Amino acid sequence: MCFAIGGRMDDKTNVHELKEKIKKFCEDREWGQFHGAKDLAIGITTESSELLEHFRFKSEREIEEMFKNTGKREHISEEMADVLYFLLRLAQKYNIDLTTGLNKKIKKNEEKYPIEKAKGSNKKYNEE
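Residues numbered from 1 in each chain as written. Predicted model: local features only at pLDDT ≥ 70, side-chain atom pairs only at ≥ 80, totals over all residues. Heavy atoms only, no water.

1. What to know about the overall build of the protein chain
Stated precisely, the cut-off is as follows: In DSSP terms, a helix is any run of H or I states spanning at least four residues, a strand is any run of E spanning at least two, and both are numbered starting from the N terminus. Computation of the radius of gyration draws on C-alpha atoms alone. For the globule rule, the value is 2.2 Å times the number of residues to the power 0.38.
From N to C terminus, the protein chain includes 6 helices and 0 strands. Reading the protein chain from its N terminus to its C terminus gives the helix and strand order α-α-α-α-α-α. Computed over the C-alpha atoms, the radius of gyration of the protein chain is 18 Å, more than 25% above the 14 Å expected from 2.2 N^0.38 for a compact globule of 128 residues. A principal-axis box enclosing the C-alpha atoms of the protein chain has dimensions of 50 × 40 × 30 Å.

2. Remarks on helix α2 (residues 37–53)
To be explicit about the condition: Helix span is expected to be 1.5 Å times the residue number reduced by one. We call two residues in contact when some of their heavy atoms are within 4.5 Å.
When the terminal C-alpha atoms of α2 are compared, their 24 Å separation across 17 residues agrees well with the 24 Å that a helix rising 1.5 Å per residue should span. Buried residues along α2 sit in contact with α4 (70–93).

3. Some details on the environment of Glu20
Here Glu20 lies in helix α1 (residues 15–28). Sequence separation between Glu20 and Gly120 is 100 residues, and the spatial gap between their C-alpha atoms is 39 Å.

4. Regarding unusual backbone geometry
Filter applied, for reference: Note on classification: 1.4 Å probe, protein chains only; a residue is buried when its accessible area is under 20% of the maximum for its type, exposed when over 50%, partly exposed between these limits.
Despite not being glycine, Glu30 shows a phi value in the positive range, around 55 degrees. In this structure, Glu30 sits in the loop between α1 and α2. Judged by its relative accessible area of 60%, Glu30 is exposed. Despite not being glycine, Phe57 shows a phi value in the positive range, around 65 degrees. On the secondary structure map, Phe57 appears in the loop between α2 and α3 (60–68).

5. Focus on the packing of aromatic side chains
This is how the line gets drawn: For Phe, Tyr and Trp, where Trp contributes only its six-membered ring, two rings pair if their centres lie within 6.5 Å, and the inter-plane angle classes them as stacked under 30 degrees, edge-to-face over 60, or tilted in between. Only Lys NZ and Arg CZ are tested; either one counts as a charge over a ring when it is within 6 Å of the ring centre and within 35 degrees of the ring normal.
As enumerated under the stated definition, the model contains 4 aromatic pairs in all. Here Arg29 stacks its cationic end above the ring of Phe25, 3.7 Å away from the centre of that ring.

6. Considering the pattern of salt bridges
We count it as follows: One side-chain nitrogen of Lys or Arg within 4 Å of one carboxyl oxygen of Asp or Glu is enough to make a salt bridge.
Within this structure, the stated rule accounts for 3 salt bridges. For Lys24, the salt bridge goes to Asp28, with nearest N and O atoms at 2.7 Å. Remark: Asp28 and Lys24 occur in helix α1; sequence separation between them is 4 residues, near one turn of the helix. Note on Asp28: relative accessible area 51%, which makes it exposed. Across the pair Lys68 and Glu65 runs a salt bridge whose closest N-O atoms are separated by 3.7 Å. Pair noted here: Lys68 and Glu65 are both in helix α3, with a separation of 3 residues, about one helical turn. Look at Glu65 and you get partly exposed, because its relative accessible area is 42%.

Scope: geometric values only; no functional claims are made or implied.
Below, the structure is given as structure tokens:
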């Protein structure tokens, strides 16, 4: 189910542009001193937990309703942006190519989870 609202910037922006935007934002504030790998990874985890709070103890129906509510949808979007910010900053600071990494991971998962074995199943690759 799609709940798209507002502009469609994802169609117009690439990962490099986002990394550069975050880099400039952080450099303008001299935040590099606070952005070691450990602290950025903690930021990813912290913000992921804040995102999870929105869904905890909610049924699928309740979650669908949340995404239809503009205010709640905006809060969820902000938490998702926080996770993405820390992930992009970590990748930018340590020269990680996220597109290459994701493509490699998908390839690896295609081997672990071939369609004929994984389709319609939520079992881990090593489970029978």
